[in-house]
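So the chains spell out like this:
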Amino acid sequence: MRDFSADHRWLSINTATVRRQRGADWPLAQILDACAARGIRAVAPWRDQVGVAGLAATARQLRALGLELSGYCRGGMFTYTDAAGRQAVRDDNRRALDEACTLAAPCLVLVVGGLPGALAGHAAHREIAAAREQVTEGIAALLADARERRMPLAIEPLHPMYAADRACINTLEQALDVCDALDPPLADGTGRRVHSGALGVAVDLYHVWWDPKLAAQIARAGRERLLALHVCDWLTPTTDLLEDRGMMGDGVIDIPRIRAWVEAEGYAGYSEVEIFSATNWWQRDGGEVLDTCIERHRRCV
Ligand code: ZN
């Protein structure tokens, strides 16, 4: 397992962590500058932030600063209520794929969607199994393009509290079942089963830390399918379902233990700090938040 205590070379910042400091949006260009100024080597920007900053301008700035991506946030939201909705979802995901390629992301992260319409407050039906079928279909369609573009797709299972409105894939096991169905392992000639790496998972500790099957499913994923590692902490009590994530070390997740499982499979990528925190971290100076991420990353990850 890598030693994170001496430096922060494996730290990436998900840009939502500092997206709206003290009530005002922190522009993406300034976030990138502030990360680079601190020796942070990677970020994971959100599509809406890139949209505001401009795709070409963001790509130029990343190159100029020598910043890599640990992932691109995000594609997905595959569920729909009619044919027009289905087409719109597919078109939007192809655009996300193009953007990820332009930004040289290592993967496009997929938050797959919940019951159709639920995010807007009116679920079209209660058939979560049907929603999951739409998700599998949507990933299958996108995977064909993603293979051509050589852009890996990372399915991010979300905590079951988001099953209705954000993601009906809620465990690593479910995500890997989809990987097996759409991108089956191949024999490599020596009897070993290998994965193509075109489809895998993003392991976000906030969503999966509680899962009794976590260690076994990380081992099942193996190196080729472990595409991203997201870290933060689970606060008790949690006061908001979406925007009360904790800084590493402030909650109950055994982060080093889970990172050890992931690295035992050969994962050697960034550990990406992703914190949505309306009443604490978004209320502070962005520079202070980044400095805290660096310090906690060395001590608690
Ligand atoms: Zn995440």
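Okay, so let's go over this structure.

**Quick word on the overall build of the protein**
Turning to step 1, where the next piece is worked out: Counting its regular elements, the protein contains 10 helices and 13 strands.
Turning to step 2, where the next piece is worked out: Here the C-alpha atoms of the protein give a radius of gyration of 18 Å, agreeing with the 19 Å that 2.2 N^0.38 yields for 301 residues.
Turning to step 3, where the next piece is worked out: Projected onto the principal axes, the alpha-carbon positions of the protein cover approximately 45 × 45 × 40 Å.
Turning to step 4, where the next piece is worked out: Here the protein holds 301 residues, and 53% of them are scored as buried.
Turning to step 5, where the next piece is worked out: Taking the contacts inside the protein whose residues are at least 6 apart along the sequence as the reference set, 79% of them involve residues at least 24 apart.
Turning to step 6, where the next piece is worked out: Summed over all atoms, the accessible surface of the protein reaches about 12,600 Å², with 52% contributed by carbon and sulfur.
Turning to step 7, where the next piece is worked out: Of the charged side chains in the protein, 34 are positive and 40 negative, and the gap between their average positions amounts to 3 Å.

**Comments concerning the packing of aromatic side chains**
Turning to step 1, where the next piece is worked out: Counting across every chain of the model gives five aromatic pairs.
Turning to step 2, where the next piece is worked out: Relative to Tyr270, the ring of Trp10 lies with its centre 5.7 Å away and its plane at 55°, an arrangement referred to as tilted. A residue pair is termed long-range when its members are at least 10 positions apart, and Trp10 in the segment before β1 (11–14) and Tyr270 in the loop between α9 (255–264) and β13 (271–273) qualify at 260 residues.
Turning to step 3, where the next piece is worked out: Through pairs of rings, three or more aromatic residues link up here, namely Trp46, Phe276 and Trp282.
Turning to step 4, where the next piece is worked out: Seen from the ring of Trp10, Arg2 lies directly overhead, with NZ or CZ sitting 4.8 Å from the centre.

Criteria and cut-off values
Residues numbered from 1 in each chain as written. Predicted model: local features only at pLDDT ≥ 70, side-chain atom pairs only at ≥ 80, totals over all residues. Heavy atoms only, no water. Helix = DSSP H or I, 4+ residues; strand = E, 2+ residues; numbered from the N terminus. Rg over C-alpha atoms; globule rule 2.2 N^0.38 Å. Buried < 20%, exposed > 50% of the residue type's maximum accessible area, 1.4 Å probe, protein only. Contact = heavy atoms within 4.5 Å. Areas by Shrake-Rupley, 256 points an atom, 1.4 Å probe, with all protein chains shown as cover. Lys, Arg positive; Asp, Glu negative; His and termini not counted. Charge placed at Lys NZ, Arg CZ, Asp CG, Glu CD. Phe/Tyr/Trp six-rings, centres within 6.5 Å; stacked < 30°, edge-to-face > 60°. Lys NZ or Arg CZ within 6 Å of the ring centre and 35° of its normal.

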